[in-house]
Amino acid sequence: MISPKKTTGKATSSLQRPGAAARWYAASVFPGKEDVAERHLRLQGFHPFIPRCERTIRHARRIETRPAAYFPGYMFIALNVALQRWRSVNGTFGVRSLIMQGDRPLPVPSGLVERFIALTGRDGLLDSSGGLTAGASVRILSGPFAEMIGRLDRLDPAGRARVLVAIMNGEIPVDLDSRELVAIA
């Protein structure tokens, strides 16, 4: 008889990183059931990943900020379709189905989920700042201020940035998308 401790230890080590031959696949989940689907997939030995970000929710004169799925209704699962019983994913609580191409699951483009994992901080939330910090010198990549150098004044969680650009003996605040900026050393 196998003791529960040995089984649990083996399961947790396999959950921490997918195998070398595993690819990432997208699954459609029921609205608001991302956490339920993630928990049940982990119990079955799969490696799910849900990119999360902070969302502000206003309800009954209260404002709350809490983690929410970055892609509501979808999650990613690392699978080796040649070795794993991937059809059981479709019968998991909270999961509608894997995104399919014909009778096989459709893999996500290589590097996409890995990039999301790399952008995930210790708190489990996506960090879209790209290493930008307030007070840093930045170069604007596109738009009417392209190739200008400025100083990052502030960056909000939604990805909007305020840059102070030196124009005509003064600093003019310019609001931009943080994806249009790159930090310079």
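Residues numbered from 1 in each chain as written. Predicted model: local features only at pLDDT ≥ 70, side-chain atom pairs only at ≥ 80, totals over all residues. Heavy atoms only, no water.

1. With respect to the overall build of the protein
The criterion, for reference: Helix and strand labels come from DSSP, where a helix needs a run of H or I of at least four residues and a strand needs a run of E of at least two; each type is numbered from the N terminus. Buried residues are those whose accessible area, probed at 1.4 Å on protein chains only, stays under 20% of the maximum for their type, while exposed residues exceed 50% and partly exposed ones sit between those limits. Residue contacts are defined here by distance: any two heavy atoms, one from each residue, within 4.5 Å place the two residues in contact. Throughout, the Shrake-Rupley method with a 1.4 Å probe supplies accessible areas, and for residues the shown protein chains are the sole cover considered.
Along its length, the protein carries 3 helices and 13 strands. Looking at the protein as a whole, 31% of its 185 residues are labelled buried. For the protein, long-range pairs separated by at least 24 residues make up 54% of all intrachain contacts whose partners lie at least 6 apart in sequence. Summed over its atoms, the accessible surface of the protein is roughly 12,300 Å², and 55% of this surface lies on carbon and sulfur atoms.

2. Structural notes on the environment of Met-148
One can find Met-148 in the loop between strand 9 (137-140) and strand 10 (149-155). Placed 19 residues apart in sequence, Met-148 and Ile-167 show a C-alpha to C-alpha distance of 9.8 Å. If sequence neighbours within four positions are ignored, Met-148 has contacts with Val-138, Arg-139, Ile-140, Val-165, Ala-166 and Ile-167.

3. Observations concerning the pairing of strand 12 (residues 170-177)
Counted only if it meets this: Criterion used throughout: strands pair if DSSP finds at least two bridges between them.
For strand 11 (residues 160-167) and strand 12, the ladder comprises 8 bridges, and the chain directions are antiparallel. By the bridge assignment, Arg-162 is partnered in strand 12 with Asp-175. What sits between strand 11 and strand 12 in their antiparallel hairpin is a turn of 2 residues, with Met-168 showing a positive phi close to 50°.

4. Topic: the side chain of Arg-52
For the record, the criterion: Distance and chemistry together define a polar contact, namely a pair of N or O atoms within 3.5 Å, with one atom able to donate a hydrogen and the other to accept it when in protein, and with adjacent residues in sequence counting only for side-chain atoms on both sides.
By secondary structure assignment, the location of Arg-52 is in strand 3 (residues 52-59). At a separation of 2.5 Å, a polar atom in the side chain of Arg-52 contacts the side chain of Asp-35. Residues within four places of Arg-52 in sequence aside, it is in contact with Asp-35, Glu-38, Pro-67, Ala-68, Ala-69, Tyr-70, Gly-124, Leu-125 and Leu-126.

5. Describing the sheet that holds strand 2 (residues 47-49)
We apply this condition: Fitted lines through C-alpha atoms give the axes, limited to the stretch in contact for helices. The angle between two N-to-C directions lies from 0 to 180 degrees.
Pairing is antiparallel across the open sheet formed by 4 strands, whose spatial order is 2-5-1-6. The open sheet has two free edges, formed respectively by strand 2 and strand 6 (95-98), since each of these has just one partner strand. With strand direction ignored, the average angle separating the axes of adjacent strands in the sheet is 35°. Pairing analysis gives 3 bridges linking strand 1 (residues 23-29) to strand 6, with the strands arranged antiparallel. In the sheet register, Val-29 faces strand 6, and the bridge partner there is Val-95. Taken strand by strand, helix 2 (residues 34-43) contacts strand 1, strand 2, strand 5 (74-79) and strand 6, and its axis lies near 15° from that of strand 5.

6. Examining the confidence of the model for the protein
Under the convention used in this document: Every residue gets a pLDDT, meaning the predictor's confidence in that residue, from 0 to 100.
Of the residues in the protein, 86% reach a pLDDT of 70 or more, and the chain-wide mean stands at 84. With pLDDT under 50 throughout, residues 1-16 is counted as low confidence; its partners more than four residues away or in other chains account for 6 contacts.

7. Some words on the sheet that holds strand 9
The pairing of strands in a sheet comes from backbone hydrogen bonds and takes either a parallel or an antiparallel form. Reading across the sheet, the 5 strands line up as 12-11-10-9-13 and stay open at both edges, with antiparallel pairing between neighbours. At either margin of the open sheet sits one strand with a lone partner, and together these are strand 12 and strand 13 (181-183). Strand-to-strand, the axes of this sheet are offset by a mean angle of 45°, without reference to chain direction. Direction of pairing for strand 9 relative to strand 13: antiparallel, over a ladder of 3 bridges. Bridge pairing in strand 13 links Arg-139 to Val-182.

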